[in-house]
Structures are given as structure tokens and as C-alpha cells.
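What follows is the residue order along each chain.
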Amino acid sequence: MKFDTPAATNPIDQLKVVGQPHDRIEGPLKTTGTALYAYEHNLPNQAYGYVVGAGIAKGRIRSMETAEAKRAPGVIAIVTAENAGKLGIGEKNTAKLLGGPEIQHYHQAIALVVAESFEQARAAANLVRVEYQSEKGRFSLNEEKGQGKKPEDGEPDSAVGDFQAGFERAAVKFDAIYHTPDHSHAMMEPHASVAAWDGDKLMVWTSNQMINWGADDLAKTLNINRDSIRLMSPFVGGGFGGKLFLRSDIVLAALGAKAAHRPVKVALQRPLIANNTTHRPATVQRIRIGASQDGKISAIGHESWSGDLEGGQPENAVQQTRFLYAGADRMTQTRLAVLDLPEGNAMRAPGEAPGLMALEIAMDEMAERLEIDPIEFRILNDTQVVPDKPSAPADETDPQAKAGEGGNKDLPFSQRQLTECFRQGAERFGWNKRNPQPAQVRDGRWLVGIGVAAAFRNNQTMDSGARVRLATDGVVTVETDMTDIGTGSYTIIAQTAAEMMGVPLEMVEVRLGDSTYPVSSGSGGQWGGNSSTAGVYAACVKLREAVAQKLGFNADDIEFADSKVRAGNRSLPLKDAAKDGEIVAEDTLEFGDLDKKIHQSTFGAHFVEVGVDSFTGETRIRRMMAVCAAGRILNPKTARSQVIGALTMGAGAALMEELAIDERHGFFANHDLAGYEVPVHADIPHQEVVFLDETDPTSSPMKAKGVGELGICGVGAAVANAIYNATGVRVREYPITLDKLLPEMPDV
Amino acid sequence: MKSFSFERAQSPADAAAAAARQPDAKFIAGGTNLLDLMKLEIEVPTHLIDVNGLALDRIEDTEQGGIRIGALMRNTDLAAHERVRSDYGLLSRALLAGASGQLRNKATTAGNLLQRTRCPYFYDTNMACNKRQPGSGCSAIGGFTRQLAVVGVSDACIATNPSDMNVALRALDATVETVKPDGQTRAIPIADFHKLPGDTPHIETALEQGELITAVTLPKPLGGKHIYRKVRDRASYAFALVSVGAVIQPDGTGRFAVGGVAHKPWRVEEAESELSRGAPAVSQRLFADAKPTNENRFKLALTTRALASVVEEART
Ligand SMILES: Cc1cc2nc3c(=O)[nH]c(=O)nc-3n(C[C@H](O)[C@H](O)[C@H](O)COP(=O)(O)OP(=O)(O)OC[C@H]3O[C@@H](n4cnc5c(N)ncnc54)[C@H](O)[C@@H]3O)c2cc1C
Ligand code: SF4
């Protein structure tokens, strides 16, 4: 099904099942431990692999001694680049997943030891002796950013009007530099895979967000036929972008299984994950804002520097600045330096998450300079058209078009309730209780402050396919390679099929994460919920047609409800259609270029109250609230879970998360969960999530958009602004740990 | 993890004797520290002696009016014990500020006393570390040192002792009771129990090979206010950046030890006499010979402020 005009009324709009706060349908499996995650698949005669990571960041392996390891008890095989055969590299990978002799980053996998037991594999892995020839690497973004280049792909830069002149002219100017550190996804379930060969057919149970990308890149890496691979990832214990791509666990499990002639399971050891896999790259960001005395932004500029391995990608931290606030003279610029640190890549809301961490502090600082309430300042500069890019083709017959510059007409947002998010949040959170003067509110030894920030994330869509089956007993089964990474995909897909086919939720079975199923959007970029259900919608439309035909209905006025098919005064049980055998329908929702004519984004406002210990500078969050406008909410319960998780992750980014770089050795030194702190329950006392009523017919037949990433966007800045309000200390370098506050805190 | 043999000791003396028979033997108590380190092959004992069944898991009153805490008493039980809560609140609070409920259910008094450093380079076997491999060098110096020691450091090692319990024991003047392989017992004052790194950071305590901790005694209660202030980046389940364990009397005098700043719980008795002059004066004495790094210099000011917070709390 092609989607290139806004959705009309359709069966989803009944909202009998969709939009309801249903519990997760796979919840009981998870709470009883019977949902099988990748590493829990046990195959007969399986062996265990243990990964050896490189001990240097850059250079070469001079020699690798494996004889002693091979002789160790239980060892079956040792895979290295030397004996693995020629390997390719996945389209979405920058560094090789099995390194050697060249080493591209610390803890790059250089060997897999396969043994009868996990313990034996681990013990033998410690007997592999490697000698390296180290080379000097580039490990400091601060030092290398001067050499940063304009990335070749995408739109690294943008310019509207004349920023320089506009900024010079502005009555009130603001110019500051912000730093965000490298972040680790730190998901609960490590990357893990179990691989088994049957002749030249390869089966892998893994933990991956994007089955199709994974299978494609696995074929490329192993130089085998894509069709001989079956990748399965029915349950994923968190990904956050860290499992978007093929990673070393999959490749090594496959190579290990080949070498051992047995199924092999591999889980990346926790201390390996930070350096072996991808991470969110650090950024340095410069933001300049010029405004009139009454708070109208006239010029806004955002530059960002990040680093990655040669051939890698930038962190697109300027993204939101092209869309969020009005202003005639604008520029954004992205520069990418080469760093020999581990591979940087997407982590929850890549671009906007670190970008808003900077931009939304800058907005707070500018509001203060202008002596305008930070919410009013944002509302004052709200816009209903994309401020950066009037790129919709000019329509000659439209008189308005001529008004736009360059012959283009303004590109409108499909929905934009940013102001409403702020107004509702302010009301519910008690914004009016905030003292605009910093460091005034005390509660015992605590300095108390309130902060706010905008949330913004573009809405992306991805083509998504599904197959639906109607069985003789009336059960509707959905099959799609979509994944559920803890997000609730199972549930919203079941809700979609139930709504479309007019059956109760219990009559729907959902099968996910298998490369033999139709290719879906996968889970990433907050596109999964809307896109994958839209694919199920498309398949259900086909199934409805097939059912109608089978039952001899005229498809026009047909109604599917209460497990029956009705038209006029004729009504038949749905399952009758499958009397002579199962009916199967399959389709893919293909998104056209509607989003080029009407821009789709998701919006929100974050409110945070913190207490900062006046003695020690420890910040403890007291309450958080997110107000989101993100299209139709398909399931308020699972959507809320997404947002509170995102708020938690945002709090981590604000207060503690940082991969600490050892710039001499070129690696992240705090590479386990003791060293890389993420929030615990005690850090997150109270969270509230509000969804504004919204449907967006331009996004898909579901009229939904994403919320899973919107939730993290802006949180860090809201916390930072609350800390400023509490203490009067402005920190522009995340995470805002006490050592950065103390020097400027009042004496005690 | 290297393979190892395993036995259950029958008595404390028996355990010590068994340990002396095998130079690479280790006692295992709760295992919450030892097993993690064995998995990473930072500890590589060839023989483990399980000391959990030695009936060393209770508290008794001493003739001097204090208490004797069994070496195998679980941290949870110790923290919850009525006498500890009423007379040695500092110990109870320090324990509860550490690790998590699950860990404290396993962790023991002796194991906690002997828990090893959390220096990130100690944990990464690709990196040189004098503590892990004597003579190999110290990767931490010049590297990522935010968590590491600011005082009592050496050119060989700047690691900290991460224990919360030890800070309380130091302030409370505990004594560590042991039995040696030859059956002899001795009592080591806590001040002498943990060592500074010097040139031998791998030697962390006064214990000899095979020497078993049987108990920790505390002298008679001090009265006063017992406060444990642990400062950290997140609210729970993190090691201290710095911590202050203090007993403050109504007249404002008191005693305290500091965690997270040195290779041992840091107590400078002379500094305590400065309490009336305020936290900065105390800190000057405490950190007279401090050698912080650029990354952890903040611990000096932070300790001063944490001390001030403790003094303030004692007043109210
Ligand atoms: C995730 C995590 C978080 C933690 N957080 C904290 C924290 O915030 N604060 C804190 O203070 N601690 C913390 N800890 C450390 C914890 O307190 C220690 O692991 C625990 O106290 C060790 O006790 P155990 O009985 O398990 O010792 P084991 O692991 O059994 O033994 C430790 C050492 O003591 C030796 N030993 C044991 N018994 C005896 C004996 N009777 N005589 C002689 N030697 C003996 C062993 O040979 C070994 O060398 C944390 C640990 C973990 C894993
Ligand atoms: S500080 Fe001590 S423990 Fe850390 S690397 Fe240096 S020697 Fe090892």
C-alpha cells in the first residue's frame, strides 16, 4: 500500500482497541522468565564462545600465541582473523567486527575461544598471548576538532538569510560553548547470539533491533548468500541504538560455529561492551543567539564538532536548531574529526538528544539575559512553519508562494503543539511557584530549583511489511520481522490487528523478529511504533478484502466487529471465511514523499525540580514531568513506559553518564556498570507523563508518531536549568557532577 | 577463572593451617568480591577454603563493655543488630550506605574489611598495575583518576580503599582479631590493619599468609551523635567519592574518619582537636600531605564541606 496522501477515516479511528492502555501481551512471559532471550536458546551439542578484545587502541598485532589456549581443557576452536577466511564489512559498520592484524580501536574483537563450557572458554581466553605494535592515535576531540571536516553525506550545514550580519545587528547577543560526553547505551541485556549451521544455511538467535539490516550485513561480512541466513530476535533486553547494527557477537558466533562444527553461543562480556560496540559520540557545540530587546530571535547559529573513526559519521547535534525556533538569519554547521576511539554511532535520539542538551541551556541563558520568563521566551519564538528550510516546491498558482524566499513556499508542520505543551506543563507542574531569581529557595540543607526545556524530535517513517493469517478457529496471526526491544511492539501490533479485523485482543497472535517474516521498519529512530503498525494495517486491509470476497460481501460498506463480518443486515462469523483453510494476506506500507510537503515532528516540554545539597553539591531530582504532543498514542501505557524510561536516561545524561577517556591509551576507562553509572531507582523519585490529544493523518494510516526518543530530548537541559535555578551555578559541560558545581557554590 | 580445589574448614585454626599448606590458597566468605576478581583472573587462587561454617557469625558482649563481631557475620545482620543500632549507629549507617541489599546479605565482616580497590585500571588486565602485578607500573597515575586517592599516595599506587564499613571501624577504634596457621591469636588495632601503598601496593593489610580473621571488637560505646555522610554521583549503589564517619559529642568535640580519599580509611587524630575551629581547619590537618591529581583535587574541598555538613547535622 502506498501512503502519499493524508489518511482518511479508517477502521483504526474506532479506537476500540487501539489507543487503549492494554497490558503488554507478552508481559506474563517476561515476568515468569519464560520469554527466551538470545542467550537462553539452548541447542543440542552447543559450545560456548568467549571474546578476546584488543589491548591497544591503534596499531597492529605483532604476534598472537594461541597454542596454550588450544591445549586448555575443553577448548574446541579458536577463531582469529588469520583463520576466519576472508571477511567483508557490513554497510553499516565502520570498523571490522573481527580485527587483526590491524587494530582499529580498543577491545576490538581479535579472537573467539570456543569451548565445551563458558568457564572453560573464559579461562582459555586468558591464555591467548598477544604482542602488539602500538601506533600513536588521535583520542582527544578538543585537540582534533580543529581538523574537523565537513561530512560528505547528508546536510551537514545550513544557512538562511545572513547569520553573521543578523547576529552582529542584534540588540541582545548570546554566545557560548557546550560539551556533551561520550555515552554508552548500557542496556541490560548484553549483545548475545547463538549460531548454528546446517550445511551452508546459518541460523542465528540474536538480540538486534533491525533484523533486515543485520541479515544483510551478516551476509556481506561472511561473504555468503543473504537467503541462506535466518536471523531471529524475538525478545530484546534493551538496545537504545546499540543493537541497530550487526555487531561482533553475531559474526563471532557464526564463525565459531563454523570452526567448531557445532552451535555456538556468544555474549559480549560486560567490560567489553563500552569499547567493543558503538557509543554516542561526544560533542562540542557553539551556540549563538541574537534577539531584539523584547525577545524576538533574529539570528540563531549552532555549530557542532564530533569525532569518529575514519569513514565514520558525525553526531548531528544541530538538527533541532533548524526546526525549533523562528528567526530570520540562521546557520548550522557540523564538523567531523577523525578519532581512534571506538566507533561512534546512534544512541537514543541521535542528534537531538545531545543537541538539545546544549540548545535548551542556551535558551535558558538567553531568556535570563533578556529578563523574560524562559517559557514565554520559547513561546514568543514558536513557529508553525519550518524556519530553516522553506523547501517545499513553489506552487505557481499559489499567491502565498511568492512571499517565500527563493521562490519556495513555507514548509508547514503537520502538527505543532509546542506552546500547548509548555502551557499545560506549567499549569500542572506549578511553574508559577518558581522563583526566577536563582539560589533563593531552600529546604533544609537543600537548594531547590525548577527548570524547563523544550523537547523536539523529527518524526521518521520507514516502509514496513507484515503478513496476517486468519485461521480456521478465527485466530488472527501477525508475522513481521519487527522487533520489540522492550517498547511494546507486540502489544500495539496486536491492537492494530484486533481493531482492523474486529476481534478481541486475545484472538490475535503476534510473531516478531524473524528474517523469514516480511521486512518491517525495525526498531530505531522512534519510527518503529507508527511504521510497523502501519504495515500491519496494510496487510489487514488486504486480509479484509480476501475475507469479504470469500464470504461474498461487497467490500464497500463492510464492517468487521465482534468477530463478525457485517454489511447491511447480513452478518457472518469472521472465522467462516477460513472454513476451507487459512487465509493469508501480506503487504508493505510504502511511505511516499508526504513528509517533504508537510513536515512531521514531535514536540514536548520537560519540567524538572531538583534539590542540590548546599554542602556537597550533590544533585537529586525531586520530580519530573514530560508533556508530549506526538500524534495518536497507540497505547498510553506502553507509551508512558517509553517516556519515563527516556526521562530516566535523560537524567543519567544530565547528572552522571560519561565514558571517561584515557587519552594516553585511547579507550573508555570506566567500561563496566560500576564505573559507568546510570540512574538507579533512588535517583528517580517521581515522574509524570502527559500526552496531548493529537492525531496526525500525514504520518500514516495509524495517525501516530514516535515518542520513545522524544522523551529523552531536552531532559538534560531541563535538569541543568533546574540546577542553575537552585544554585546560580551555570555548568555547560555534562554531566553536571558536584565537582563542577562546588567551585562556584556559596561557602558553608 | 582458573580451576581451583575447594574445602570446608572445620575450625578457625584448621582453616588457617589449611591456608598455610598451600601458598595460593584463599579463604572465601560471601564471595561477593573474591569471585568477581577470580572471573577476571585478577585473583587466581588454586585452592579455596570456605569459612562460612565456622560459627563466626554472631555478636557477643565483651568484658570491657564493648562488642565482639564475628568475622562471618553478614553485613545485613550486623547493621540490623540491636546493640549495634543503639550503641554503634555509625557502623550500622556506614554498612547500609554500601552496596545493595542483596550484596549485604552475602557480604561478611572479614570480607568487607578485605575488599579490594575499585581503581578501574586494577580491573583491566591489559593495563599495567602494581597492585595486580607488582613492578608492572601504575596506569592510573596520569590517567583517569577522578575516583582515586588524594592523600597517603605513592608513586607506585594511588588507589583507594572503597569500604564504607572500614571508615566506621576506624572512627570507632576497632580491633581485628585473628588466628595464625600455628594456632596463635593476635589482635590488630584497625589503625595498623590497612597499609598505605608505598612501594608495595599489593600488600594491603597486616595479615600474614594464612592468617584468618575471626572477629572484630569494638570498645565500649562512645555516646554522642553517630553520623555517616557518603557523597556520591548517584543516590545509591555507588562507591563514595568521599565519605565521613563521625561521632560528635554534645560539647562539639568528636572523632571521625574519611573514606574515598586514601588507601586506608583516613583518620588523623590531631585533626580532631581542630573541630572547634571549623571544617577548613580540620581539613588542613587531615590533608597536610595531600597529593591530589587535577581530576580528584575536588575531593579536598568536598571533604571539608562534607565535614561541615556532619558538624551541622550533629548540632541540630
Ligand atoms: C556491585 C557491588 C557494589 C558494592 N558497593 C559497595 C559499597 O558501596 N560500599 C562498600 O563498602 N562495599 C561495596 N561493595 C563491596 C562489598 O562490601 C564486598 O564485596 C563485601 O563486603 C565482601 O565480603 P565477602 O564476604 O563477600 O568477601 P569475599 O569476597 O568472600 O572475600 C573478600 C576477601 O576477604 C578474604 N576473606 C574472607 N573472609 C576472611 C577471613 N575470615 N579471614 C581472612 N580473609 C578473609 C577473602 O579471601 C578475599 O580475599 C560492593 C560490591 C559489589 C559487587
Ligand atoms: S592506582 Fe594502584 S590499583 Fe590503580 S593502577 Fe595504579 S597501582 Fe594499580
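Every value quoted in this text rests on a predicted model; they were computed, and no experiment measured them.

*Asks:* How do you make sense of the pattern of salt bridges when you look at a structure like this?
*Replies:* In a structure, side chains of opposite charge can pair up when their charged atoms sit close to one another. Enumeration over the complete set of coordinates arrives at 74 salt bridges over all chains. Close ionic contact of Glu479 of chain A with Arg511 of chain A constitutes a salt bridge, the shortest N to O distance being 2.9 Å. Taken together, the residues span a long stretch of sequence, with Glu479 of chain A in strand E20 (residues 476–479) and Arg511 of chain A in strand E21 (residues 508–511) at a distance of 32 residues. Residue classification places Glu479 of chain A among the buried residues on the basis of a relative accessible area of 3%. Residues Glu211 of chain B and Arg186 of chain B are paired through a salt bridge, measuring 2.7 Å at the closest nitrogen-oxygen approach. Of this pair, Glu211 of chain B sits in the loop between helix H10 (190–193) and strand E8 (212–218) while Arg186 of chain B is found in strand E7 (residues 185–189), placing the two residues 25 residues apart along the sequence. Here the salt bridges do not stand alone but share partners, grouping Arg467, Arg469, Glu479, Glu509, Arg511, Glu582 and Glu586 of chain A into one network.

*Asks:* In this structure, what is going on with the site of ligand 2? I would like to understand it.
*Replies:* The local shell around ligand 2 holds 13 residues, among which Cys119, Cys129, Cys138, Cys157 and Ile158 of chain B are the closest. Residue classes in the shell around ligand 2 are distributed as 10 nonpolar, 2 polar and 1 charged.

*Asks:* Hey, could you run me through the sheet that holds strand E2 (residues 47–53) of chain A in this one?
*Replies:* Sheets are built from strands that pair by backbone hydrogen bonding, the pairs being arranged parallel or antiparallel. Residues and elements named next belong to chain A. Overall, mixed pairing links the 7 strands, which are arranged E4-E6-E2-E13-E10-E11-E12 in an open sheet. Of all the strands in the sheet, just strand E4 (75–80) and strand E12 (229–232) have a single pairing partner and so form its edges. Strand-to-strand twist across the sheet, computed as the mean angle between neighbouring axes with direction ignored, equals 20 degrees. One ladder, built from 4 bridges, connects strand E10 (residues 192–198) with strand E13 (residues 264–267); its direction is antiparallel. Note that in E13 the partner of Ala195 across the bridge is Val264.

*Asks:* Got a minute to help me understand helix H13 (residues 298–315) of chain B in this structure?
*Replies:* For an α-helix the count is 3.6 residues per turn, leaving residues at separations of three or four pointing the same way. The terminal C-alpha atoms of H13 of chain B lie 26 Å apart, and with 18 residues this matches the ideal 26 Å at 1.5 Å per residue to within 8%. The inward-facing, buried residues of H13 of chain B contact helix H17 (738–741) of chain A together with strand E9 (225–231), strand E10 (242–248), strand E11 (254–259) and helix H12 (279–286) of chain B.

*Asks:* Looking at this structure, how should I read the interface of chain A and chain B?
*Replies:* Many authors give the size of an interface as the accessible area that is lost as the parts come together. Each partner contributes residues to the interface: chain A has 38 residues there, and chain B has 34 residues. Buried surface at the junction of chain A and chain B, summed over both partners, amounts to about 2,900 Å²; 54% is from carbon and sulfur atoms. In this assembly, chain A and chain B are joined by 3 salt bridges. Between Arg229 of chain B and Asp613 of chain A there is a salt bridge; the shortest N-O distance is 2.7 Å. Where chain A packs against chain B, one counts 19 residue pairs in polar contact (both at pLDDT 80 or more). Across the side of chain A that touches chain B, the residue classes break down as 18 nonpolar, 9 polar and 11 charged.

*Asks:* Just checking my understanding: could you explain the domain arrangement of chain A for this structure?
*Replies:* Residue and element names in this part refer to chain A. Splitting chain A by domain gives domain 1 (2–32 + 461–595), domain 2 (46–136 + 191–238 + 243–270) and domain 3 (409–459 + 597–744). For domain 2 and domain 3, the distance between their C-alpha centres works out to 37 Å. Taken together, the 4 residues of domain 2 in the interface contact 5 residues of domain 3. Buried area between domain 2 and domain 3, summed over both chains or domains, comes out near 400 Å², and the portion from carbon and sulfur atoms is 69%. Of all residues in domain 2, Ala57, Tyr106 and Arg270 give up the largest surface area on contact with domain 3, accounting jointly for 88% of the area buried on that side. Between the two partners, domain 2 and domain 3, sit 0 salt bridges. Applying the counting criterion to the domain 2 and domain 3 interface returns 0 residue pairs in polar contact (both at pLDDT 80 or more). Its residues assigned to classes, the side of domain 2 that touches domain 3 shows 2 nonpolar, 1 polar and 1 charged.

*Asks:* Sorry if this is basic, but what is going on with the UniProt feature "domain: FAD-binding PCMH-type" (unreviewed entry) in chain B here?
*Replies:* Mapped onto this structure's residue numbering, the UniProt feature "domain: FAD-binding PCMH-type" (unreviewed entry) falls at residues 1–223 of chain B. Taken end to end, residues 1–223 of chain B comprises 28% helix and 16% strand; its first and last C-alpha atoms sit 47 Å apart.

*Asks:* It is not clear to me how the packing of aromatic side chains should be interpreted in this structure. Could you clarify?
*Replies:* Aromatic ring pairs are reported here in terms of the distance separating the ring centres and the angle at which the planes meet. Residues and elements named next belong to chain A. Inspection of the entire model under this criterion finds 15 aromatic pairs over all chains. Ring geometry for Trp213 against Trp527: centres 6.3 Å apart, planes inclined by 65 degrees, an arrangement best described as edge-to-face. Within this pair, whereas Trp213 is found in helix H6 (residues 211–222), its partner Trp527 is found in the loop between E21 and helix H13 (528–551), the two being separated by 314 residues in sequence. Grouping residues by exposure puts Trp213 and Trp527 together as buried. By way of ring pairs, the aromatic residues Phe323, Phe413, Phe456 and Phe603 are connected into one cluster.

*Asks:* Explanation requested: the side chain of Glu709 of chain A in the structure shown.
*Replies:* Residue and element names in this part refer to chain A. Among the secondary structure elements, Glu709 is positioned in the loop between strand E30 (687–691) and helix H16 (715–727). From its side chain, Glu709 meets the backbone nitrogen of Ala349 in a polar contact 3.1 Å long. Dropping the residues within four chain positions of it, Glu709 is found in contact with Arg348, Ala349, Pro350, Arg457, Gly525 and Gln526.

*Asks:* Is there a simple way to think about the packing of helix H15 (residues 636–655) of chain A against H16 of chain A in this case?
*Replies:* In helix packing, the relevant descriptors are the interaxial angle and the interaxial distance, both defined with respect to the helix axes. Residues and elements named next belong to chain A. H16 packs onto H15 with a crossing angle of 55 degrees between their chain directions and a minimal axis gap of 7 Å. Put simply, H15 runs oblique to H16. Here H15 and H16 pass one another in a crossing that is right-handed. Listed contacts from H16 to Ala646, Leu647, Gly650, Ala651, Ala654 and Leu655 of H15 are Val715, Gly716, Val719 and Ile723. Residues of the contact of H15 with H16, tallied by class, amount to 8 nonpolar, 2 polar and no charged.

*Asks:* How should the pairing of strand E24 (residues 570–573) of chain A be read in this particular structure?
*Replies:* Looking along a regular strand, one sees the side chains alternate between the two faces of the sheet. Residue and element names in this part refer to chain A. Sheet topology places strand E23 (residues 564–567) next to E24; 4 bridges connect them, and they run antiparallel. From the neighbouring strand, Val565 faces E24, where its bridge partner is Leu572. Hairpin connection from E23 to E24: 2 residues lie between these consecutive antiparallel strands, with Gly568 at a positive phi of about 55 degrees.

*Asks:* I would appreciate a short explanation of the pairing of strand E3 (residues 59–65) of chain A in the present structure.
*Replies:* All names here are of chain A. Strand direction decides the pairing type here: E3 and strand E5 (residues 102–103), joined by 2 bridges, are antiparallel. Across the sheet, residue Gly59 finds its bridge partner in E5, namely Ile103. Strand direction decides the pairing type here: E3 and strand E7 (residues 129–134), joined by 6 bridges, are antiparallel. Pairing of Ile61 across the sheet is with Tyr132, part of E7.

*Asks:* It is not clear to me how the nonpolar core should be interpreted in this structure. Could you clarify?
*Replies:* A general trend in soluble globular proteins is that nonpolar side chains are found buried together. Residue and element names in this part refer to chain A. The biggest cluster of nonpolar side chains holds 93 residues, and the ones touching the most others in it are Phe422, Phe607, Val610 and Val719. Tallying contributions element by element places helix H9 (residues 352–370) first for this core, with 11 residues. If sequence neighbours within four positions are ignored, Val610 has contacts with Leu447, Val448, Gly449, Thr619, Arg620, Ile621, Arg622, Val719, Ala722, Ile723 and Ala726. Of all hydrophobic cores here, the second largest spans 53 residues; its members include Leu470, Val503, Leu512 and Ala538.

Rules used in this analysis
- Residues numbered from 1 in each chain as written.
- Chains lettered and ligands numbered in written order.
- Predicted model: local features only at pLDDT ≥ 70, side-chain atom pairs only at ≥ 80, totals over all residues.
- Heavy atoms only, no water.
- Salt bridge = Lys/Arg side-chain N within 4 Å of Asp/Glu carboxyl O.
- Helix = DSSP H or I, 4+ residues; strand = E, 2+ residues; numbered from the N terminus.
- Buried < 20%, exposed > 50% of the residue type's maximum accessible area, 1.4 Å probe, protein only.
- Near = heavy atom within 4 Å.
- Nonpolar A, V, L, I, M, F, W, Y, C, P; charged D, E, K, R; others polar.
- Pairing = 2+ DSSP bridges.
- Axes fitted to C-alpha atoms, helices over the stretch in contact; angles between N-to-C directions.
- Expected span 1.5 Å × (residues − 1).
- Contact = heavy atoms within 4.5 Å.
- Buried area = accessible area lost by both parts, 1.4 Å probe.
- Polar contact = N/O pair within 3.5 Å; in protein donor to acceptor, adjacent residues only side chain to side chain.
- Domains from an automatic or database assignment.
- UniProt positions renumbered as here; feature names shortened; annotations may be inferred.
- Phe/Tyr/Trp six-rings, centres within 6.5 Å; stacked < 30°, edge-to-face > 60°.
- Parallel < 35°, antiparallel > 145°, perpendicular 65-115°, else oblique.
- Left-handed = near helix turned anticlockwise from the far one by under 90°.
- Core = buried A, V, L, I, M, F, W, Y, C linked by side-chain atoms within 4.5 Å.

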